[in-house]
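Geometric and topological summary
So you can see what is in the structure, the chains are spelled out below.
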Amino acid sequence: MAVVFQKPKSLTDDILTYCPGCTHGIIHRLVAEAIDDLGVQAKTIGVAPVGCAVFAYNFFAVDMMQAAHGRAPAVATGIKRVHPDNVVFTYQGDGDLASIGMAEIMHAAGRGEKITTIFVNNAIYGMTGGQMAPTTLIGQVTTTSPYGRKEELCGKPIRMSELIAQMDGSAYVARASVHDPKHVLDAKKAIRKAFETQLSGAGFSMVELLSTCPTNWGMTPSESLKWVASDMIPYYPLGVYKDSAKGAA
Amino acid sequence: MAKLLMKGNEAIAEAAIRAGCRYFFGYPITPQNQIPEYMSKRMPQVGGTFLQAESEVSAINMVYGAAGAGARVMTSSSGPGISLKQEGISYLVGAQLPCVIVNIMRGGPGLGSIQPSQGDYYQATRGGGHGDYRIPVFAPSSVGEAVTLTQKAFDMADKYRSPVIVLGDGMIGQMMEPVDLPDSIEINNVDKPWAAVGWDGTRPRAIINSLYIDPSVLERHNIMLQEKFAQIESAEMDYGAELVDDADLVVVAYGTVARIARSAIRMARAEGIKAGMIRPITLWPFPSDPIAKAAETAKAFLTVEMSAGQMIDDVRLAVAGRKPVLFYGRTGGMVPAVRDVLHQIRIAAGAADPRNPLEEAI
Ligand SMILES: Cc1ncc(C[n+]2csc(CCOP(=O)(O)OP(=O)(O)O)c2C)c(N)n1
Ligand code: SF4
Ligand SMILES: [Mg+2]
């Protein structure tokens, strides 16, 4: 019998705890597939964030550490310095990475830390019940921006890929989306490329993934996917922002 | 073994290296800068890694990563930086990761001063961060003792899978003294099957974590931690006692203050006052038993600290109201003078006389 579909080896059998229609699950699968494809499962160490993906340590079938909110890049730095031949990745939300953990991510990139960051941007704080994130769009209603995010009060959303690509230490930076099959394939390529960059020793790599939060956006799963395309992508353009193998994009 | 003249901070750093520490993550702050500076020079010579982090927050989380990856690792700081590390220290305890944290205390609160202090006693001995926990705390009173206690700290950290604090006051860090530095010490490299090193499928997957979302599971985790703390309390308490057996007045002091108190006690003895001293070497576990025992024979206690009075709480708990416990302290970076401590001993000795009610003595 031919196998036509299989769960990646780098995912455990645990049932994902994400809400229906949440794309954290797709992103988990893509990361696990990249680890499988590159044959690095036995030497990969992952760092879970504080956020909806906190239980990632149950889902990835690799050695895992759970980090304090925002500190995953510092934890990954400690791991990578001890085990330079291992593959080390962080999996972080937008509150985790772009707000409380801004210093850690910028300096990990600045040092050219040879780690890979999977950055899940859903424009909201999912885990704590839908508060405003630094990536929340102007006008977007959240539980702490009940009148919609106002630029006068909070400034504009922060575009992390553009920022990280500016750092000399970053070697590969891309923004992708998982709202339809074509984009899922692009995202898969980007994630694989990010891990390859780490293996090549070129420097820091990050893939930002636009992701849904139907629960806190107050939308159905299919409305959420459409909103990524209609509202998020125009502000967060997809593409490769840096590829040191090719020169800046 | 060679006798070397070293600054306390440098001696602590070299002691760590000789104890097998190969990873150091820190951020500059006075009066501990000689530790990271020394590490930045020495680590490359021994094949180790020194990394100046972007903040103390990052430094302690790098320590978390390195410790979780199985390495002997250390960080150091002073008051404001130690405060920033507290979240990370709580995570280290929860995830049961061994490491050594050096705090060379300075005056506070806030930015305070850069002069010596013992104002972080509560923070160090009560856990310091959020949650229900304690951490072993060593308080060296000489550069030589800073060396042996730093090395002990690494073994204890590994043995109990816990952070261990070396708590020095600013004077310990800055003073120069001759020290014996063993060329090589026996390193008790324990197996760390729990460490994250890459999972080859032959053992359970390593998960370094402090989250237990189910309250009954978290309670079990807490009970296990408390059992560990109880084990540390029963096995690791350490102190020094001088002239206590026949003492009417027992001074309790730690760190460099104990040296000042020692001189004052000798002068008091010359005056005919029967003074002695108990010097906690571990602040947690606190030497409650020897103090409780001394309370059977001594008539009064005098706690001397470079703070407004923190350790005195632990002395009082041990004395349990049986005898008066007096206090003398300086704050803000001011160091108690021997003659002032002697003066306090005279007053306290007066308090030890039952004909003098305590109120008058104070
Ligand atoms: C120091 C600290 N501050 C705040 C929190 C509470 N907290 C938990 S998750 C979270 C936000 C997570 O949002 P994000 O990183 O965007 O992840 P998501 O849940 O959206 O995937 C916050 C603020 C915490 N755990 N620790
Ligand atoms: S709250 Fe939002 S981000 Fe979190 S699992 Fe649910 S849908 Fe996903
Ligand atoms: Mg989010």
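Within every chain, residues take consecutive numbers counted from 1 along the sequence as written. A letter from A marks each chain and a number from 1 marks each ligand, given out in the order of writing. Local features in this predicted model are restricted to residues of pLDDT 70 or higher, and side-chain atom pairs are both shown and tallied only at a pLDDT of 80 or more, whereas totals for entire chains, interfaces and linings draw on every residue. Only heavy atoms go into the side-chain values, all of them from the structure, while hydrogens and water stay out.

1. Considering the pairing of strand 3 (residues 87-93) of chain A
Residue and element names in this part refer to chain A. The buried label applies to any residue whose accessible area, calculated with a 1.4 Å probe on protein chains only, is under 20% of its type's maximum; exposed applies above 50%, and partly exposed to all values in between. Per the convention used, a helix needs a DSSP run of H or I reaching at least four residues, while a strand needs a run of E reaching at least two, with both numbered from the N terminus. Buried residues dominate strand 3, accounting for 7 of its 7 residues. Going residue by residue along strand 3, you find V87, F89, Y91 and G93 tucked away on one face and V88, T90 and Q92 tucked away on the opposite face as well. Pairing between two strands requires that DSSP report at least two bridges joining them. Looking at chain direction, strand 1 (residues 44-48) and strand 3 are connected through 4 bridges and run parallel. By the bridge assignment, T44 is partnered in strand 3 with V87. Two strands pair when backbone bridges link them, and strand 3 and strand 4 (residues 116-121) are joined in this way by 5 bridges, in the parallel orientation.

2. Thoughts on the pattern of salt bridges
Residue and element names in this part refer to chain A. Any carboxyl oxygen of Asp or Glu that lies within 4 Å of a side-chain nitrogen of Lys or Arg is treated as forming a salt bridge with it. Within the structure shown, the criterion is met by 31 salt bridges over all chains. We note a salt bridge from E33 to K188, for which the minimum N-O separation is 3.1 Å. Of the two residues, E33 is situated in helix 1 (residues 24-37) and K188 in helix 8 (residues 181-200); the sequence distance between them amounts to 155 residues. Judged by relative accessible area, which is 26%, K188 ranks as partly exposed. One salt-bridge network, held together by shared partners, links R29, E33, D37, K188, R192 and E196.

3. Overview of the site of ligand 1
Throughout this document, a residue counts as near a molecule or strand when at least one of its heavy atoms sits within 4 Å of that molecule or strand. Neighbouring ligand 1 are 17 residues; C52, D94, G95, D96 and G126 of chain A lie closest to it. Taken together, the residues near ligand 1 originate from chains A and B. Measuring from an oxygen atom of ligand 1, one finds a backbone N or O atom of G95 of chain A at 2.9 Å. Between N122 of chain A and ligand 1, the recorded distance is 3.1 Å, taken from a side-chain N or O atom to an oxygen atom. Accessible areas in this description were obtained via Shrake-Rupley with a 1.4 Å probe; residue shielding takes into account the shown protein chains only. Here ligand 1 loses 77% of its free accessible area of 590 Å² to cover by the protein chains. Of all the elements, helix 4 (residues 94-100) of chain A adds the most residues to the shell around ligand 1, at 4 residues. In this classification, Asp, Glu, Lys and Arg are treated as charged, Ala, Val, Leu, Ile, Met, Phe, Trp, Tyr, Cys and Pro as nonpolar, and every other residue, Gly included, as polar. Among the residues making up the shell around ligand 1, the classes are represented as 6 nonpolar, 8 polar and 3 charged. Definition of a polar contact: a pair of N or O atoms within 3.5 Å, with one able to donate and the other able to accept a hydrogen when the atoms are protein atoms, and with sequence-neighbouring residues admitted only if both atoms are side-chain atoms.

4. Describing the packing of aromatic side chains
Residues and elements named next belong to chain A. Two rings belonging to Phe, Tyr or Trp (six-membered ring only in the last case) form a pair when the distance between their centres is within 6.5 Å. Interplanar angles under 30 degrees mark stacking, angles over 60 mark edge-to-face geometry, and anything in between is tilted. A complete count under the given rule lists 11 aromatic pairs over all chains for this structure. Ring geometry for F60 and F89: centres 5.4 Å apart, planes at 80 degrees, overall edge-to-face. One end of the pair, F60, is in the loop between helix 2 (56-59) and strand 2 (63-66); the other, F89, is in strand 3, with 29 residues separating them in the sequence. Here F60 matches F89 in class, with each residue buried. Of the aromatic side chains, those joined through ring pairs into one cluster are F60, F89, Y91 and F195. Sitting over a ring, as applied to charges here, requires NZ of Lys or CZ of Arg to be within 6 Å of the ring centre and within 35 degrees of the ring normal. A cation sits over an aromatic face here: R159 above Y235, 3.7 Å from the ring centre.

5. Comments concerning the domain arrangement of chain B
All names here are of chain B. For chain B, the assigned domains read domain 1 (2-235) and domain 2 (240-348). Spacing between the C-alpha centres of domain 1 and domain 2 amounts to 28 Å. Any two residues whose heavy atoms approach within 4.5 Å are treated as being in contact. Contacts between domain 1 and domain 2 engage 32 residues on the former and 25 residues on the latter. The term buried area refers to how much accessible surface (probe radius 1.4 Å) is lost by two components on association, counted for both of them together. The junction of domain 1 with domain 2 conceals about 2400 Å² of combined surface from both sides, 55% of it contributed by carbon and sulfur atoms. Across the contact surface, domain 1 and domain 2 share 3 salt bridges. With a closest N to O distance of 2.4 Å, R259 and E177 form a salt bridge. For the interface between domain 1 and domain 2, the tally reads 17 residue pairs in polar contact (both at pLDDT 80 or more). Those elements giving two or more residues to the side of domain 1 that touches domain 2 turn out to be helix 5 (121-125), strand 6 (137-138), helix 6 (143-160), strand 7 (163-169), helix 7 (170-174) and helix 8 (215-236). For the side of domain 1 that touches domain 2, the per-class residue count stands at 17 nonpolar, 8 polar and 7 charged. As used throughout, domain bounds are those supplied by an automatic or database domain assignment.

6. Remarks on the sheet that holds strand 11 (residues 249-252) of chain B
All names here are of chain B. On the basis of which strands lie adjacent, the open sheet formed by 5 strands has the order 10-12-11-14-15 and mixed pairing. A strand with exactly one partner marks an edge of an open sheet, and here the two such strands are strand 10 (239-242) and strand 15 (325-329). On average, each strand axis in the sheet is tilted by 20 degrees relative to the strand beside it, whichever way the strands run. Axis lines are fitted through C-alpha atoms, for helices just across the contact stretch, and the angle between N-to-C directions can take any value from 0 to 180 degrees.

7. Overview of the coordination of the magnesium ion (ligand 3)
Residues and elements named next belong to chain A. Nitrogen, oxygen and sulfur within 2.8 Å of a metal are treated as its donors, or within 3.2 Å for sodium, potassium and calcium (Na, K, Ca); water is not counted, so a site can appear incomplete. Here the magnesium ion (ligand 3) is held by D94 (OD), N122 (OD1) and I124 (O), and the distances to it run 2.0 to 2.1 Å. When the donor residues of the magnesium ion (ligand 3) are listed from N- to C-terminus, their spacing reads D-x27-N-x1-I. On the criterion of sequence distance, the pair formed by D94 in helix 4 and I124 in the loop between strand 4 and helix 6 (151-154) is long-range, its members being 30 residues apart. Note on accessibility: D94 and I124 belong to one class, buried.

8. Considering the interface of chain A and chain B
Listed by partner, the interface residues are 35 residues for chain A and 33 residues for chain B. For the pairing of chain A and chain B, the buried interface totals around 2600 Å² over both sides, and the portion due to carbon and sulfur atoms is 60%. Across the contact surface, chain A and chain B share 3 salt bridges. With a closest N to O distance of 2.6 Å, D63 of chain A and R203 of chain B form a salt bridge. For the pair chain A and chain B, the interface holds 17 residue pairs in polar contact (both at pLDDT 80 or more). Broken down by secondary-structure element, the contributors of at least two residues to the side of chain A that touches chain B are strand 1, helix 2, strand 2, helix 3 (72-82) and helix 5 (102-110) of chain A. Sorting elements by how many residues they give to the side of chain A that touches chain B places helix 3 of chain A first, with 7 residues. Within the side of chain A that touches chain B, the residues separate by chemical class into 18 nonpolar, 11 polar and 6 charged.

9. Quick look at the nonpolar core
Inside soluble globular proteins, nonpolar side chains tend to come together where they are buried. Residue and element names in this part refer to chain B. Side-chain atoms within 4.5 Å are what join buried Ala, Val, Leu, Ile, Met, Phe, Trp, Tyr and Cys residues into a set we call a nonpolar core. One finds M74 and F301 to be the most contacted residues of the largest nonpolar core, which totals 121 residues. Per element, the largest residue contribution to this core is 9 residues, and it comes from helix 6. Built from parts of two domains, this core gets at least three residues from each of domain 1 (2-235) and domain 2 (240-348).

10. Some points on the site of ligand 2
All names here are of chain A. Neighbouring ligand 2 are Y18, C19, C22, H24, C52, N122, G126, C213, P214, T215 and N216. With 3 residues, helix 9 (residues 214-217) is the largest single contributor of residues to the shell around ligand 2. Among the residues forming the shell around ligand 2, the class breakdown is 6 nonpolar, 5 polar and no charged.

11. Some words on helix 11 (residues 311-319) of chain B
Side chains that are three or four residues apart share a direction in an α-helix, a result of its 3.6 residues per turn. All names here are of chain B. Those residues of helix 11 that fall on the buried side of the exposure criterion are M311, I312, D314, V315, A318 and V319. Across the axial projection of helix 11, the buried residues extend over an arc of 160 degrees, all falling on one side. Buried positions along helix 11 lie against helix 5, strand 11, strand 12 (275-280), helix 10 (288-297), strand 14 (300-305) and strand 15. A positive backbone phi angle near 55 degrees is found at A320, which sits one or two residues after helix 11. It is the directions from the helix axis to the C-beta atoms whose arc is reported.

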